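Residue-level listing of the chains:
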Amino acid sequence: MKSLPLIIFAITALAQWAVPLSQIWTYEGVLTKGTLIRVKCAAPDPYDPLRGRYLAVRPEQTNVPLPEGMEAPEEQMGYVSLTTGADGLATLSSLSFTKPASGDYLHVRVHSSYDKQASIDWPFERYYLNEELAPEADEWFAENIRNTKGIIAEVKVLNGKAVLADLTLDGKPFREILKDRVK
Amino acid sequence: MSAPNHRWLHTQLPEWEREGLITAENAVKLRQRHPHDDSGPGIAQVAMGVLGALLIGVGLIAIIGYNWDHFNRPVRLMFAFAPLLGAQAASWWALKQGDACARWIRETAAFFQAMAAGACIAIVSQIYNLGGDWPQFVLAWALLSLPLAWLMRSYGVVIFYLVCITVWSLRDDVRHPVWYESARAYPLLLLGLFPFWPGWKFDKPLSTTLRWAIALSASMGLAAAAYQMIEHPWSDFEAVVWLWSLTAAAMILLPISEAAIHAPTRSKPQVVLGFLYLLPLGVIGTSLSAGHETIEAISIAGKLSWTWVLIIVTGAFAVHAILRRRWAVLSVASLAVTPALALAAGENAPHVVPWLMLVHLSLIGLALIALEFLDRKGAPRLGAALLSVLIMARLFDSDLSLLLKGLAFILVGVAFLVFNIVLSRHHKKQKEKVS
């Protein structure tokens, strides 16, 4: 019985490793094997006390059309299919509560439905930044958010999961633009 | 007597012996009756250890917050796991030492490990720009820390776990369809701390601070759970309130050891919090307009399985309380079920509820006064205050003119003051008798 606490401790220690490792496994998979989609963004916002400075990334489209006769139950998880348009930007094309058999899709929380549209939460919303670049990033984001081309979020998507890989303007990566501005 | 009182007594005994106030034999008996273990570390030493671990944890989080842009992903991930590995090694060492390890070191190692586990998850989610679903993060962090509370007997981790599960349960007022995503999972989460429950046979009694932390968390978490049990909590809020009453009754009646029964009330926070909820609610229940809402609440809540779980648990606790002759707590806890007795009156039930509550509370008030004059342990001033509040509540509810209400208030005030004088004289006479 004296070894029981040590066994429980070992299991606890393993679990404390397993949780972040499983996240790394999942999201590394998305980054390496996922499909790249581009989404147009709206307004910024600045800080998470636990994880540091970030830009709140809010894709413009938050509503998805409901299929004829479907009423989306509130606060449920569902799947939204993604369609890429001629401009290279992805849009949410349909909602279902079963996993789509093909194509790119996201696993999302459905908030509410109104007027044959369901409101969803995107599975990404933050782009974390180095503290020194953050003030410059705030300024850059505010200057460019109303630019007609807009700020584009580059997202890797695989099996319903998504990782926000980068933000771009005119095809130029966000970090490069910031580093140029800081110089 | 609490631990600080024991400590004080032990410092006084040698002096009393020297002054001849007590014999050496009496001093030994007093030491045996009120033992004080001063071999362990002081609370300050433990607090400093926990504070140190907390500062290191906060420091780690701040470093994570800086976001080391010039390091690549694998290096940044190493930053996440290195403190966790160090903390786990320290805890492993402390655990292997067993009782030989100082308590403050155990506390510090356990708390630091809990902080490092959270920091590790935070840095990973930062690296992959994961969303801000903080309730899930808080819950995962709490669950990964819980075994440290069992193994290391760490009060710091227990309080941290309680804060996390309470915040998680109270996070919003939207009813989640899935039970384990909502406060409905709180009772299970609280069960996770079973060895730390008040009254549990522990090597040392739990500190009053820890008892308060557990009781406060339980009252808020179980209240949130009750709220989430009802399908439309906003429109059926009366039913939520009745479920809260049953929860308060169960908390008041929670079985405790014989020694804990005789301990001061402040060391039984579950009783204090239960009284603070049930007594004012009971007074509100005497309002003539409250009957319809109460009966409707009972009929809505009666259809829920959670209500029956609470009734069965409260009933079992009540049997235990009867066997232990805990009449005071039984009299107040039963306020939660008194409105249900009105159902026997059929259609007239809504009219009967306020009168039942009035009779029940009046009996409690009178009993608290009478016990004192029968040389039993009572609470006469509380009894008098309860009766005064009842009279004032009934007057507010009446159609009497403001003039009459004002005169009645003055009369009650005078009666209260006279009673206070009579009581003081009674106490003085009793003291004279004893001396």
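Notes on the structure follow.

Cut-offs used in this document
- Residues numbered from 1 in each chain as written.
- Chains lettered and ligands numbered in written order.
- Predicted model: local features only at pLDDT ≥ 70, side-chain atom pairs only at ≥ 80, totals over all residues.
- Heavy atoms only, no water.
- Helix = DSSP H or I, 4+ residues; strand = E, 2+ residues; numbered from the N terminus.
- Buried < 20%, exposed > 50% of the residue type's maximum accessible area, 1.4 Å probe, protein only.
- Contact = heavy atoms within 4.5 Å.
- Buried area = accessible area lost by both parts, 1.4 Å probe.
- Salt bridge = Lys/Arg side-chain N within 4 Å of Asp/Glu carboxyl O.
- Polar contact = N/O pair within 3.5 Å; in protein donor to acceptor, adjacent residues only side chain to side chain.
- Nonpolar A, V, L, I, M, F, W, Y, C, P; charged D, E, K, R; others polar.
- Pairing = 2+ DSSP bridges.
- Axes fitted to C-alpha atoms, helices over the stretch in contact; angles between N-to-C directions.
- Patch = residues over 30% accessible without salt bridge, like charges linked within 9 Å, V, L, I, M, F, W, Y side chains within 5 Å.
- Areas by Shrake-Rupley, 256 points an atom, 1.4 Å probe, with all protein chains shown as cover.
- Lys, Arg positive; Asp, Glu negative; His and termini not counted.
- Charge placed at Lys NZ, Arg CZ, Asp CG, Glu CD.

A word on the side chain of Ser245 of chain B. Residue and element names in this part refer to chain B. Summarising the element assignment, Ser245 is placed in helix H10 (residues 237–252). A relative accessible area of 3% means that Ser245 is categorised as buried. Excluding anything up to four places from it in sequence, Ser245 contacts Tyr277, Leu278, Leu281 and Ala336.

With 38 residues of chain B in contact, the opposing surface of chain A contributes 40 residues. Together chain B and chain A conceal approximately 3700 Å² of surface at their shared face, both sides included; 63% is due to carbon and sulfur atoms. Applying the counting criterion to the chain B and chain A interface returns two salt bridges. Put simply, Glu181 of chain B and Arg109 of chain A hold a salt bridge, and the shortest N to O gap is 3.3 Å. Counting the contacts that link chain B with chain A gives ten residue pairs in polar contact (both at pLDDT 80 or more). Elements with a minimum of two residues in the side of chain B that touches chain A: helix H3 (43–66), helix H4 (73–97), helix H5 (103–127) and helix H6 (134–152) of chain B. Looking at which element gives the most residues to the side of chain B that touches chain A, the answer is H4 of chain B, with ten residues. Classifying every residue of the side of chain B that touches chain A by side-chain character gives 24 nonpolar, ten polar and four charged.

Bringing the sheet that holds strand S9 (residues 117–121) of chain A into the picture now. Residues and elements named next belong to chain A. Taken together, the five strands give an open sheet; going across it, the order is S5-S9-S8-S6-S7, and neighbouring strands pair in antiparallel fashion. The two strands at the open ends of the sheet, each matched to only one other strand, are strand S5 (63–65) and strand S7 (90–96). Each strand axis lies, on average, 50° off the axis of its neighbour in the sheet, ignoring direction. Where S5 meets S9, three bridges bridge the pair, whose relative direction is antiparallel. Directly across from Val64, in S9, lies its bridge partner Ala118.

Residue and element names in this part refer to chain B. The grouping of Arg425, Lys428, Lys429 and Lys433 at the surface amounts to a positive patch. If you trace the backbone, Arg425 turns up in helix H19 (residues 402–434). Given the relative accessible area of 59%, Arg425 is considered exposed.

What follows concerns a nonpolar patch on the surface. Residue and element names in this part refer to chain B. Taken together, the side chains of Phe373, Leu400, Leu403, Leu404, Leu407, Ile410, Val414, Val418 and Val422 present a nonpolar region at the surface, about 800 Å² in accessible area. In terms of residues, the nonpolar patch owes the most to one element, H19, which gives seven residues. Secondary-structure assignment places Val414 in helix H19. By relative accessible area, which is 44% here, Val414 ends up partly exposed.

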